[in-house]
Amino acid sequence: MKQQPHFPPDYQILSTRALETALHKVPAYQSWSKFDQGAAVPIAKRFNALPKIDKKDLREHSWRGFVPNDLDIDKALESGLVEMVNTSGTTQERVTNIWYQQWWNESEAASWLYNKHTAALPLGNHREAILTSPLNTGVLAQNGFLPMTERMLGRFLYLNEKANPGSWDDKIIRRIIDELSIFQPIVLEANPSYLAKVARFAHQHNLPVFQPPAIIFTYENPGVLTRRQIRQAFSAPLISSYGATEAGYVLMECAEGKLHQVSSSCRIDIEYLRPEYGQPNLGRLLLTTLTNPWRSLIRFDVGDLVEIDTTGACPCGCNDGYIFRQIAGRSANLTYSVNGLPITTAAVEEAIADCSEVAEYQVIQKSGRYDVRIVPAEDIVLSSAQQKHVREQIIEGLYPLYRSKDKIAVHFVDEIQTEPSGKYRRTISDIELATDSLFLKGG
Ligand SMILES: [Zn+2]
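What you are looking at is a predicted structure, and each value in this text was computed from that prediction instead of being measured. (Residues numbered from 1 in each chain as written. Predicted model: local features only at pLDDT ≥ 70, side-chain atom pairs only at ≥ 80, totals over all residues.)

Tallying secondary structure elements over the chain gives 12 helices and 20 strands in all. Within the span of the chain, comprising 443 residues, buried residues form 41% of the whole. (Helix = DSSP H or I, 4+ residues; strand = E, 2+ residues; numbered from the N terminus. Buried ≥ 20, exposed ≤ 12 C-beta atoms within 10 Å, placed from the backbone.)

Bringing the sheet that holds strand β18 (residues 369-376) into the picture now. Strands sit in the order β19-β18-β17-β20 across an open sheet of four strands; the sheet is mixed. Each of the sheet's edge strands pairs with one partner strand only, and the pair in question is β19 (408-412) and β20 (427-429). Across this sheet, the average inter-strand angle for adjacent strands is 15°, counted without regard to direction. As judged from the three bridges shared by strand β17 (residues 358-366) and β20, these two strands associate in the parallel manner. Of the residues in β20, the one forming a bridge with V363 is T427. Strands β18 and β19 of the sheet are contacted by helix α11 (residues 384-402), whose axis makes an angle of about 140° with β19. (Pairing = 2+ DSSP bridges. Axes fitted to C-alpha atoms, helices over the stretch in contact; angles between N-to-C directions. Contact = placed C-beta atoms within 7 Å.)

Attention shifts here to the domain arrangement of the chain. Here the domain parsing of the chain yields domain 1 (11-331) and domain 2 (336-438). Between the C-alpha centres of domain 1 and domain 2 the distance comes to 26 Å. Taken together, the contact pairs 29 residues of domain 1 with 26 residues of domain 2. Broken down by secondary-structure element, the contributors of at least two residues to the side of domain 1 that touches domain 2 are α8 (192-204), α9 (224-231) and β14 (323-330). (Domains from an automatic or database assignment.)

Core analysis: the largest hydrophobic core is formed by 73 residues, its most contacted members being V250, L287, I298, V306, I352, V372 and I394. Split by domain, the residues of this core number at least three in each of domain 1 (11-331) and domain 2 (336-438). Residues within four places of L287 in sequence aside, it is in contact with A247, V250, C266, I268, L297, F300 and V302. Of all hydrophobic cores here, the second largest spans 30 residues; its members include Y158, I176, A190 and A199. (Core = buried A, V, L, I, M, F, W, Y, C linked by C-beta atoms within 7 Å.)

The subject of this paragraph is unusual backbone geometry. Positioned with a positive phi, S62 is a non-glycine residue whose angle comes to about 60°. When you line up the elements, S62 lands in the loop between α3 (55-61) and α4 (73-79). With a phi close to 60°, N206 is a non-glycine residue in the positive phi region. Mapped onto the elements of the fold, N206 is located in the loop between α8 and β7 (214-217). Residue class for N206 comes out exposed when judged on the 7 C-beta atoms lying within 10 Å of it.

Moving on to the sheet that holds strand β11 (residues 266-272). The strand order across the open sheet formed by 12 strands is β4-β5-β3-β6-β7-β8-β9-β10-β14-β13-β12-β11, and the pairing between neighbours is mixed. With one partner strand each, in any of the chains shown, β4 (152-153) and β11 form the two edges of the open sheet. In this structure, strand β6 (residues 187-190) lies alongside β7, joined through four bridges in parallel fashion. Across the sheet, V187 pairs through a bridge with A214, a residue of β7. Helix α7 (residues 170-183) rests against β3 (128-131), β5 (156-158) and β6 of the sheet, and its axis sits at about 165° to β3.

When you line up the elements, F217 lands in strand β7. Using a count of 23 C-beta atoms within 10 Å as the deciding quantity, one classes F217 as buried. For the pair formed by F217 and L440, sequence separation is 223 residues and the distance between their alpha carbons is 30 Å. The contact partners of F217, leaving out residues within four places of it in the chain, are A190, P192, P222, L238, I239, S240 and S241.

On to the packing of α7 against α8. Running from N to C, α7 and α8 cross one another at 90°; their axes reach a closest spacing of 10 Å. Viewed along their axes, α7 and α8 adopt a mutual orientation that is roughly perpendicular. Within the contact between the two elements, α7 uses I173, I176 and I177 and α8 uses V198, F201 and A202. Split by residue class, the contact of α7 with α8 holds six nonpolar, no polar and no charged. (Parallel < 35°, antiparallel > 145°, perpendicular 65-115°, else oblique. Nonpolar A, V, L, I, M, F, W, Y, C, P; charged D, E, K, R; others polar.)

Here it is as structure tokens:
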């Protein structure tokens, strides 16, 4: 069943304004007028009739192509009102964005209202510790380590200066735990995979950890396995915040564990998977910014898949906008069953998570076979009989997804490598993503 969300009163007005601005004033959308159904048609229908854009379009038109032509961007850059930033990732992934701090701050503050813990905290000028790759944000150290003072920037403490958490030794994990106690952040913002590594270590060595009033996950989607591992050491509220450099804050997890659309700053359109794939609640996110005057972003395919909440309501009381059960992973990270059904990273993680011996995993589909790499939990040395048991359990778990047992091979490894961006890619396929045949046009 498709969700029919209730939107706040000005949502349609802001959506119409964003669309009219794009069609009449923004060079990148010049060719879109022919798709527009006109002002007499409901706004959702007008949006659904339009094409979409992705990172490739952002690069091709360059940042200037997305600035409305009645604004003086050069003057705004000169005065420092806006600035240019580059997103992380490989050369192909990188995009130059116009950065408007005020818009970002407002959309972040709007996201805090969707969770009772963040809504109750005095946020905005708070102490915040950040645990992620310095390639995402922070201070990078190529060689050696940096003292705490060199990783502090204003109200922020960057807990990690290494590009890859694979290079962490016990000393750095202990230091992260110690610095949390010293700094006592109001918010710990963390890449969940990185925090899971710290939590596993703390649990294994019986180390107490400082419990911040809120732990906010960004940079990566927290799966069921990483959440369970983090819970072994952290009792603080775990809150997933989903956003993008291009689109601001988009979704916020409430205390009931559902993801709410930040509907005052972002419009969402969903294109669902085609019915033949049998996963009617899954779709891809198309994002439209409603409140950033300096960059017009309409139907931006951010590359992530969502699973809607079928009830369409939440006991937390926030019932404006879309409500999701989870982010299901990136479209580019889909793997496929032997009969071609797309399988999300979230589905794979749910299938593997029951196996308590697993610390980390990665599934690589190549030439019709599925190689499953497993890093065993740190405190477990698996005997060959236990390895056999884990193998069987993993294959049993993945069989309903991939529909073949013979083609799944489980390997035990010491480490899963991160991507050049410092993020983990848990599922990879050599089958090229064919988005046009996967999704229903128009939602
Ligand atoms: Zn809720």
